[in-house]
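An overview of the molecular structure
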Amino acid sequence: MEKIRTLVRPTIPHYSIEDRAYLAGFVDGEGCITLMKTFNSPNRTLSITPRVIVVNTNPLVLMMLKEYFGGSVGSVEKSVWGRKEKFQWYISGYGCILFLESIFDYLKIKKEQAKSVLSLKSRYTNPKKRNENGTFPSLTKEEKEKNILVVSEIGKLNGGMC
């Protein structure tokens, strides 16, 4: 009998409408909603992971994102003559899904990207779909086709950027 590993999932507290709208504005203006593509060895199967990235010169805003939702903050570009240092916050996987769900209603510019990523939600929120070691089982042909379609949609919506 296959053993199912129980995963502890983070929960996102309910923040005010103003907080969620403010953060959605940051994602619309300074962020990127994308799917990271990797090929797993040895059979080079395509794996995709949802990710949101926000870049800004104010690390305090990015630390607020990290405090509220998790993820990571780091420096992306050191200060050079006449330019401020840039920092980035990013969140991937299930945390990304939770974040997008919390700001979705307030997104204006990147709503379609969020909708595409959230269409894969069940793949990241059902712990029973994971193997004992925490990895996902092989995708069905239909799931692979859907993944390829969503990756293509995100690429078109982002205009090759991000």
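Figured I'd write up the structure that's included with this text. (Residues numbered from 1 in each chain as written. Predicted model: local features only at pLDDT ≥ 70, side-chain atom pairs only at ≥ 80, totals over all residues. Heavy atoms only, no water.)

Our next topic: the environment of Leu 157. Mapping Leu 157 onto the fold places it in helix H6 (residues 141-157). Remark: the alpha-carbon pair of Leu 157 and Thr 34, spanning 123 residues in sequence, is separated by 9.5 Å. Sequence-distant contacts of Leu 157, defined by excluding residues within four places in its chain, comprise Glu 112, Gln 113 and Ser 116. (Helix = DSSP H or I, 4+ residues; strand = E, 2+ residues; numbered from the N terminus. Contact = heavy atoms within 4.5 Å.)

Looking now at the packing of helix H1 (residues 17-30) against helix H3 (residues 93-103). To characterise two packed helices, one gives the angle between the axes of the helices and the distance between these axes. Between H1 and H3, the least distance of the axes is 9 Å, while the angle of their chain directions is 115°. Relative to H3, the element H1 lies roughly perpendicular. Contacts from Arg 20, Leu 23, Ala 24 and Val 27 in H1 reach Phe 99, Ser 102 and Ile 103 in H3. Taken together, the residues that form the contact of H1 with H3 break down as five nonpolar, one polar and one charged. (Axes fitted to C-alpha atoms, helices over the stretch in contact; angles between N-to-C directions. Parallel < 35°, antiparallel > 145°, perpendicular 65-115°, else oblique. Nonpolar A, V, L, I, M, F, W, Y, C, P; charged D, E, K, R; others polar.)

What follows concerns the packing of aromatic side chains. Going through the model one piece at a time under the given rule, you end up with four aromatic pairs. Between the aromatic rings of Tyr 22 and Phe 26, the centroid separation amounts to 5.3 Å while the plane-to-plane angle is 65°, which identifies the pairing as edge-to-face. Residue Tyr 22 and its partner Phe 26 are both found in helix H1; the two are separated by four residues, about one turn of the helix. With a relative accessible area of 40%, Tyr 22 lands in the partly exposed category. With centroids separated by 6.1 Å and ring planes inclined at 65°, the aromatic side chains of Tyr 68 and Phe 69 adopt a geometry described as edge-to-face. Note on Tyr 68: relative accessible area 17%, which makes it buried. A relative accessible area of 7% means that Phe 69 is categorised as buried. Every member of this aromatic cluster is reached through a ring pair, and the members are Tyr 68, Phe 69, Trp 89 and Phe 99. (Phe/Tyr/Trp six-rings, centres within 6.5 Å; stacked < 30°, edge-to-face > 60°. Buried < 20%, exposed > 50% of the residue type's maximum accessible area, 1.4 Å probe, protein only.)

Within the element layout of this structure, Ser 92 appears in strand S4 (residues 86-92). Taking the C-alpha atoms as reference points, Ser 92 and Ser 72, separated by 20 residues in sequence, lie 9.5 Å from one another. Those residues in contact with Ser 92 that lie beyond four places of it in its chain are Thr 49, Pro 50 and Arg 51. Polar contacts involving the side chain of Ser 92 include one to the side chain of Arg 51, which spans 2.8 Å. (Polar contact = N/O pair within 3.5 Å; in protein donor to acceptor, adjacent residues only side chain to side chain.)

The end-to-end C-alpha separation of H6 is 24 Å, in line with the 24 Å expected for 17 residues at 1.5 Å each. All of the buried residues in H6 are Asn 147, Val 150, Val 151 and Ile 154. Axial view of H6: buried residues confined to an arc of 100°, hence all on one face. In H6, the exposed positions that point more than 90 degrees away from the buried face belong to Lys 141, Glu 142, Ile 148, Leu 149 and Lys 156. (Expected span 1.5 Å × (residues − 1). Arc of directions from axis to C-beta.)

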